Amino acid sequence: MTFNWVRRISKLSRWQGAFQSCIFSCKRYSVQEQCRVPSSVVEAFRAVTGSDGVSMGTAVREQHGKDESVHSCRPPDVVVWPRSVEEVSALARLCHQHSLPMIPFGTGTGLEGGVGALKGGVCFDLQKMDRVLDFHAEDFDVTVEPGVTRTRLNSYLRDSGLWFPVDPGADASLCGMAATSASGTNAVRYGTMRENVMNLEVVLSDGTIVHTAGKGRRTRKTAAGYNLTNLFVGSEGTLGIITKATLRLYGIPEAVVSAVCSFSSVQAAVDSTVQILQCGIPIARIEFLDDVMIDACNRYSKLSYPVSPTLFLEFHGSERSLEEQVSLAEEITKANSGSDFSWAKDQETRSRLWKARHDAWYAALAIRPRCKAYSTDVCVPISRLPQIIVETKQDLTQNRLTGPIAGHVGDGNFHCLMLLDPTDPDEVQRVQEFTDRLARRALAMDGSCTGEHGVGLGKRALLREEVGPLCMGVMEGVKASLDPQNLMNPGKVL
Ligand SMILES: Cc1cc2nc3c(=O)[nH]c(=O)nc-3n(C[C@H](O)[C@H](O)[C@H](O)COP(=O)(O)OP(=O)(O)OC[C@H]3O[C@@H](n4cnc5c(N)ncnc54)[C@H](O)[C@@H]3O)c2cc1C
């Protein structure tokens, strides 16, 4: 690491030391008397975007200072709505000249406080850039602007026989999903955003426009140079603003069946999962719900599954291959004392089943109305799942906490949907301590403090523990090299 880098890094650390994480803070931000963006700069923004592309209204700023997490609202000073990459670049140049922080905003569904403007500055709301570009059905790829959400892309693709499978529960923007390295129920078969982004167009903090795999490149493989695409995937807006993403597409499977299976123990459910994967069954989804979560889903989504550890499974393939996959999976679950499969074969029943899984967040919230939910997210090697889930459930009971568990069990990734009354400081503290213990338990089992929600504001200390000081230094060096003034989403990740 060069001397320059070390100097830049120590400047960066001092800057960041000034930020205090506001996780679980019940206090409201203090309203800025004065906007930190000079009015001449606001006028210059208007000259770029037109007057309807800039807002300093309180409600708009507040709406952009918060995501779906429990982190308190930190509004930006100004919100801008660019309509093209050239406008993003021109706005970034202005921010750079005036040392103003820049915070990219997708759809605000993040769960780690990523969009909060800790130091004020300018929020780039990218929803007006919403075109699907360059669809190549024969090559299974498409390029989208940052305002396109995953359900919009799939509606666009519907008649082509192709789809994009990465599915976080929320209808997030695809570039926001790239920025957080999102995944969801289909990751066990189709991978996460890391495996499905082929190229990104990114505006750097000084307004420079780069293409991470080279302009227009869309190969399924490349061994050419450093993997800059994957550097930006998961960078949470701290390295640049993603203005285009080229994504891999897949054929819509000929046949799909879903099933539900109950078990007497967490161990039996996880053993079944491991054995299904070991047999090479190309399972498309395998989701775990603990007894508390399935009970909440039964009530919320009017289902009637047994209240015990449960797997939701889905198989994709041709009619013939499905028969084989399903009978082998059923044999395995039975050998682990699972119940008979309860089938969801027709589209309507399947949609109802997976809607119930995607509504788990709202089902959990309904357990304690008027409470807030905080979704923790950890990932461990699959073999460690039974131990970590059993220990976590004991921890919840000992600390009088409600935290139904749902997990993408095929990836070793699970969430506790912690319910808390934000006006009860004792409960808030117990939840905060619990989530830190859970992340450290995952780290002690060779795992990660986040499988998919990202680091954001709340997990910066845990990231440090996860990768260690040397890797942290490398990450800080990369940040300092791409964003020496620390203007891109300051106070997040590092
Ligand atoms: C009910 C519910 C269920 C969820 N389930 C899942 C799940 O199963 N798996 C999962 O992975 N996530 C899940 N999430 C979290 C969330 O949907 C993802 O993190 C999603 O990827 C965020 O996308 P967004 O467009 O809303 O980003 P935002 O919330 O707007 O932003 C998130 C972060 O990305 C940055 N960012 C956004 N757009 C850009 C851009 N164009 N360029 C650079 N940086 C950008 C922001 O600055 C911020 O740091 C869930 C959320 C909810 C509410």
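Conventions and cut-offs
Residues numbered from 1 in each chain as written. Predicted model: local features only at pLDDT ≥ 70, side-chain atom pairs only at ≥ 80, totals over all residues. Heavy atoms only, no water. Axes fitted to C-alpha atoms, helices over the stretch in contact; angles between N-to-C directions. Helix = DSSP H or I, 4+ residues; strand = E, 2+ residues; numbered from the N terminus. Parallel < 35°, antiparallel > 145°, perpendicular 65-115°, else oblique. Contact = heavy atoms within 4.5 Å. Near = heavy atom within 4 Å. Polar contact = N/O pair within 3.5 Å; in protein donor to acceptor, adjacent residues only side chain to side chain. Areas by Shrake-Rupley, 256 points an atom, 1.4 Å probe, with all protein chains shown as cover. Expected span 1.5 Å × (residues − 1). Buried < 20%, exposed > 50% of the residue type's maximum accessible area, 1.4 Å probe, protein only. pLDDT = per-residue confidence, 0-100. Patch = residues over 30% accessible without salt bridge, like charges linked within 9 Å, V, L, I, M, F, W, Y side chains within 5 Å. Salt bridge = Lys/Arg side-chain N within 4 Å of Asp/Glu carboxyl O. Arc of directions from axis to C-beta. Pairing = 2+ DSSP bridges. UniProt positions renumbered as here; feature names shortened; annotations may be inferred. Lys, Arg positive; Asp, Glu negative; His and termini not counted. Charge placed at Lys NZ, Arg CZ, Asp CG, Glu CD. Left-handed = near helix turned anticlockwise from the far one by under 90°. Nonpolar A, V, L, I, M, F, W, Y, C, P; charged D, E, K, R; others polar. Disulfide = S-S within 2.5 Å. Phe/Tyr/Trp six-rings, centres within 6.5 Å; stacked < 30°, edge-to-face > 60°. Lys NZ or Arg CZ within 6 Å of the ring centre and 35° of its normal.

1. Here we look at the packing of helix H2 (residues 39-49) against helix H4 (residues 85-97)
So, step 1. Interhelical geometry of H2 versus H4 gives an angle of 170° and a closest axis separation of 10 Å. Relative to H4, the element H2 is oriented roughly antiparallel. Contacts between H2 and H4 involve Ala44, Phe45, Val48 and Thr49 from the first element and Glu87, Ala90, Leu91, Leu94 and Cys95 from the second.

2. A look at the site of the ligand
So, step 1. Neighbouring the ligand are 35 residues, the closest being Pro104, Thr107, Thr109, Ser173 and Thr180.
So, step 2. With respect to the ligand, the backbone of Gly106 contributes an N or O atom lying 2.8 Å from an oxygen atom.
So, step 3. In isolation the ligand offers 970 Å² of accessible surface; the protein chains occlude 96% of this area.
So, step 4. Breaking the shell around the ligand down by element, the ones donating at least two residues are strand E3 (102-105), helix H6 (174-180) and strand E10 (241-248).

3. Things to note about H4
So, step 1. Relative to the 18 Å expected for 13 residues at 1.5 Å per residue, H4 spans 18 Å between its end C-alpha atoms, a close match to the ideal helical length.
So, step 2. Taken together, the buried positions of H4 are Val85, Glu87, Val88, Ser89, Ala90, Leu91, Ala92, Leu94 and Cys95.

4. Concerning the environment of Arg83
So, step 1. Mapped onto the elements, Arg83 comes out in the loop between strand E2 (78-80) and H4.
So, step 2. There is a polar contact of 2.9 Å between the side chain of Arg83 and the backbone oxygen of Thr49.
So, step 3. Only 2.8 Å separates the side chain of Arg83 from the side chain of Glu87, close enough to count as a polar contact.

5. What about the confidence of the model for the protein?
So, step 1. Across the protein, the average pLDDT comes to 91, with 93% of residues at or above 70.
So, step 2. For residues 1-23, every residue scores under 50 in pLDDT, and the model assigns this stretch 38 contacts once sequence neighbours within four places are set aside.

6. Observations concerning a nonpolar patch on the surface
So, step 1. A cluster of nonpolar side chains, contributed by Tyr226, Leu228 and Leu231, occupies part of the molecular surface with about 340 Å² of accessible area.
So, step 2. Summarising the element assignment, Leu228 is placed in helix H9 (residues 228-232).
So, step 3. A residue is classified by how much of its surface remains accessible, and Leu228, at 38% relative accessible area, is partly exposed.

7. Describing the side chain of Ser181
So, step 1. Relative to the elements of secondary structure, Ser181 occurs in the loop between H6 and helix H7 (187-190).
So, step 2. Apart from the residues within four sequence positions on either side, Ser181 is in contact with Thr192, Met193, Arg194, Val233, Gly234 and Glu452.

8. A few points about helix H13 (residues 347-358)
So, step 1. For H13, built from 12 residues, the straight-helix expectation of 16 Å at 1.5 Å per residue is met to within 8% by its first-to-last C-alpha distance of 16 Å.
So, step 2. Listing the buried residues of H13 in full gives Arg350, Leu353, Trp354, Ala356 and Arg357. Looking down the long axis of H13, one finds its buried residues gathered within 150° of arc, a one-sided arrangement. Among the exposed residues of H13, those pointing more than 90 degrees away from its buried face are Gln347 and Glu348.

9. Digging into the sheet that holds strand E6 (residues 141-144)
So, step 1. Read from one edge to the other, the open sheet built from 5 strands follows the order E5-E6-E10-E8-E9, with strand pairing classed as antiparallel. The open sheet terminates on both sides in strands that have one partner only, identified here as strand E5 (132-136) and strand E9 (209-211). Geometrically, the sheet is characterised by an average inter-axis angle of 10° between neighbouring strands, direction not taken into account.
So, step 2. The pairing of strand E8 (residues 197-203) with E9 spans 3 bridges and is antiparallel. Each bridged residue has a counterpart across the sheet, and for Glu201 the counterpart in E9 is His211.
So, step 3. Strands E8, E9 and E10 of the sheet are contacted by H4, whose axis makes an angle of about 45° with E8.
So, step 4. The sheet strands contacting helix H5 (residues 150-157) are E5, E6 and E10, and the helix crosses E5 at an angle near 45°.

10. Regarding the UniProt feature "domain: FAD-binding PCMH-type" (unreviewed entry) in the protein
So, step 1. Here the UniProt feature "domain: FAD-binding PCMH-type" (unreviewed entry) sits at residues 71-252.
So, step 2. For the annotated span residues 71-252, helix accounts for 23% and strand for 23% of the residues, and the straight-line distance between the end C-alpha atoms is 38 Å.

11. Notes on a negative patch on the surface
So, step 1. On the surface, Glu254, Glu319, Glu323 and Glu324 cluster together to form a negatively charged patch.
So, step 2. Within the secondary structure, Glu254 is located in the loop between strand E11 (250-251) and strand E12 (255-262).

12. Digging into the environment of Gly176
So, step 1. One can find Gly176 in helix H6.
So, step 2. As for Gly176 and Gly110, which are separated by 66 residues in sequence, their C-alpha atoms are 8.5 Å apart.

13. Notes on the packing of helix H10 (residues 266-278) against helix H15 (residues 385-398)
If you want to describe how two helices pack, look at the angle between their axes and the distance between the axes.
So, step 1. Here H10 crosses H15 at 155°, and the two axes come no closer than 9 Å. One finds that H10 runs roughly antiparallel with respect to H15. Handedness of the crossing formed by H10 with H15: right-handed. Two secondary-structure elements touch here, H10 through Val266, Gln267 and Val270 and H15 through Leu385, Pro386 and Ile389.
So, step 2. Partitioned by chemical class, the residues of the contact of H10 with H15 number 5 nonpolar, 1 polar and no charged.

14. Some details on the state of the cysteines
So, step 1. Going through the model one piece at a time under the given rule, you end up with 0 disulfides.
So, step 2. Free of any disulfide, Cys261 has its nearest cysteine sulfur in Cys279, 15 Å distant.
So, step 3. A relative accessible area of 0% places Cys261 in the buried class.

15. Overview of the packing of aromatic side chains
So, step 1. Counting across every chain of the model gives 6 aromatic pairs.
So, step 2. Aromatic pair Tyr190 and Tyr250: ring centres 5.0 Å apart, planes at 75°, arrangement edge-to-face. Of this pair, Tyr190 sits in helix H7 while Tyr250 sits in strand E11, and the two are 60 residues apart along the sequence.
So, step 3. Both rings, one in Phe341 and one in Trp343, keep their centres 5.3 Å apart while their planes meet at 75°; by these two values the pair is edge-to-face.
So, step 4. Residue Trp343 is classed as partly exposed on the basis of its relative accessible area, which comes to 31%.
So, step 5. Members of the aromatic cluster, connected to one another through ring pairs, are Trp163, Tyr190 and Tyr250.
So, step 6. For Arg285, the ring lying beneath its charged end belongs to Trp354, and the centroid distance is 4.3 Å.
So, step 7. Its end group placed over the ring of Trp343, Lys345 keeps NZ or CZ at 5.0 Å from the ring centre.

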